[in-house]
Every structure is written in structure tokens, then in C-alpha cells.
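Structural overview
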Amino acid sequence: MALIDWIAQERRRIHEHFEAFSAVEGRQPDGLTLFQHQAMDALAPVIPQQSFHRDASKDTSGEVLVAPLGNTGLHVNIFSNYSGIFGPQTNVWMEDWDFHTPRELYATLVKEVASRAA
């Protein structure tokens, strides 16, 4: 019975994950996804929104938002439904599959960015 319960729980979790991320993947009139807008909003205390620029060359599924992380040599990329911190000897991916909801991803992104900006 424990295995059946685990399978049912995993199916619910996967369904919830798909619902949560599907809700933020739609393109807005400006061409960015709701995920990208919400990630920028979450990062606003650490990275001013005007620091982000669009880079269409990095992602075939749409525009990527890129912002420098202060003078650390790192930059934050916000893709259509995932993000990352990149630079010399740094390659931190925060993909949707690693998180149950977009809010969890945003919280981790903000924490990682703040720790590296300090």
C-alpha cells in the first residue's frame, strides 16, 4: 500500500508542478513570459529592473533577460521558465524541474543572487 500511496503522491506533485509552471509560461504583449516578469520583480531588491537587457541569441524559445551582478563578473539570465547565474567558474542553473512552484524558484534565485552580490 505504501508504494501505491507514493505513486499517487508523485502524480499529484507532477500535476501541481505542470499547472504552476504552465500558468507563468505564456508570453505577454511585450514578448516576455510572465515567469520572466515575476523573476525580475522578485530580484528587484537586489538587481534593479533597468539593469536587465534582452538577448535573443541565447535561447531559441524566446528572449532571455540578462543582467550583470554588480562588479562580480557574474550575470543573471532569466529564460522563459528557468534561470541561472553564470560567469567565470560559475554555472548555476535553476530549472523548473528542480522546484515545485515558480515561487520556490524565485526565492532560491533571489537568495543565490544576494549571496553572490555581497
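Anything mentioned here points back to the structure above.
Quick look at the structure, then.

Thresholds, definitions, all that
Residues numbered from 1 in each chain as written. Predicted model: local features only at pLDDT ≥ 70, side-chain atom pairs only at ≥ 80, totals over all residues. Heavy atoms only, no water. Core = buried A, V, L, I, M, F, W, Y, C linked by side-chain atoms within 4.5 Å. Buried < 20%, exposed > 50% of the residue type's maximum accessible area, 1.4 Å probe, protein only. Contact = heavy atoms within 4.5 Å. Pairing = 2+ DSSP bridges. Helix = DSSP H or I, 4+ residues; strand = E, 2+ residues; numbered from the N terminus. Axes fitted to C-alpha atoms, helices over the stretch in contact; angles between N-to-C directions.

1. Some thoughts on the nonpolar core
Phe52, Val76, Ile78, Ile85 and Val113 are the most contacted members of the largest nonpolar core, which has 22 residues in total. Apart from the residues within four sequence positions on either side, Phe52 is in contact with Met40, Leu43, Ile47, Leu65, Val66, Ala67, Val76 and Ile78.

2. So, the sheet that holds strand 3 (residues 75-78)
Sheet architecture is open: five strands sit in the order 1-2-3-4-5, paired in antiparallel fashion. Among the strands making up the open sheet, the edge pair consists of strand 1 (53-55) and strand 5 (90-94). Here the average twist between neighbouring strands, direction ignored, is 25 degrees. Strands strand 2 (64-68) and strand 3 of the sheet are contacted by helix 2 (residues 34-43), whose axis makes an angle of about 145 degrees with strand 3.

Bear in mind that shape data such as this cannot, by itself, settle questions of function.
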